[in-house]
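Coordinates in review
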Amino acid sequence: TAEMIADNISRLSQDEEARQSLSRAALGLCDGLGARRTLLRIASDETARDGQPVSLRPATMADTEMIYAWQVAPETRAFARNPELPTREEHNAWMARCMADDRVLLNVLLHGEEPSGVLRLDRRQAKVGGGKLQMEVSIYVAPGHYRMGIARCALAMARELIPEAELLAEILPGNVASQALFQKAGFIRHNDLYHLAAQA
């Protein structure tokens, strides 16, 4: 009834903890990019070297164990900002934080329909008062899917997903393959930081 709706709205307006809980739950279900994700899924022509399509979907807590296995792979840790192996508990907590943080877009890359890596976008600066929206890009490809062109596709999809953002990436000096990948995609290097301007 109208009275019940009004009563619930009134109680919710006075309960900040309940509002924050609802907000966190909503972030776990929707990142506000549904239209762009749908367009990417049906119209993107990104393909791996074997001709299979490469796409992405939002990560969920159900992906925790799979992503952990990729995170602890020696090939992944070799060029990670923090080379220390995370414990399972640390990784679980990190996943929960990512899922609850509206500044983080954590995506699973799909090679065909098979999960094959992660594309993570972290908001570096809010678009307030004319300031630039900056998103830091992090990509890692799952063992067994290397040298398939999946990271190249991920970079292209990052640009399509957030075209209004300046993209940034921090690449360690020894990671020659990633340096070449980002430079080929149009990123400009400033020391260890790579920049790609927002689309006009």
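Above this text is the structure in question.
Residues numbered from 1 in each chain as written. Predicted model: local features only at pLDDT ≥ 70, side-chain atom pairs only at ≥ 80, totals over all residues. Heavy atoms only, no water.

1. Digging into the pattern of salt bridges
Within this structure, the stated rule accounts for 9 salt bridges. Across the pair arginine 103 and aspartate 101 runs a salt bridge, and its minimum N-O distance is 2.9 Å. The class for arginine 103 is partly exposed, based on a relative accessible area of 48%. Where arginine 120 meets aspartate 122, a salt bridge forms, and the shortest distance between an N and an O atom there is 2.7 Å. Residue classification places arginine 120 among the partly exposed positions, given a relative accessible area of 22%. Counted as one network, the salt bridges with shared partners bring together Arg81, Arg124, Glu136 and Glu170. (Salt bridge = Lys/Arg side-chain N within 4 Å of Asp/Glu carboxyl O. Buried < 20%, exposed > 50% of the residue type's maximum accessible area, 1.4 Å probe, protein only.)

2. What about the packing of aromatic side chains?
Working definition: an aromatic ring pair is given by the centre-to-centre distance plus the angle between the planes. Taken as a whole and assessed by the stated rule, the structure comprises 2 aromatic pairs. Ring geometry for phenylalanine 182 and phenylalanine 187: centres 4.9 Å apart, planes at 80°, overall edge-to-face. A centroid spacing of 6.4 Å and a plane angle of 55° characterise the contact between phenylalanine 182 and tyrosine 194, whose relative ring orientation is tilted. Highlighted residues: phenylalanine 182 in helix α8 (residues 176-184) and tyrosine 194 in strand β7 (residues 193-196), separated in sequence by 12 residues. Given the relative accessible area of 5%, phenylalanine 182 is considered buried. Tyrosine 194 gets classed as buried once you look at its relative accessible area, which sits at 0%. (Phe/Tyr/Trp six-rings, centres within 6.5 Å; stacked < 30°, edge-to-face > 60°. Helix = DSSP H or I, 4+ residues; strand = E, 2+ residues; numbered from the N terminus.)

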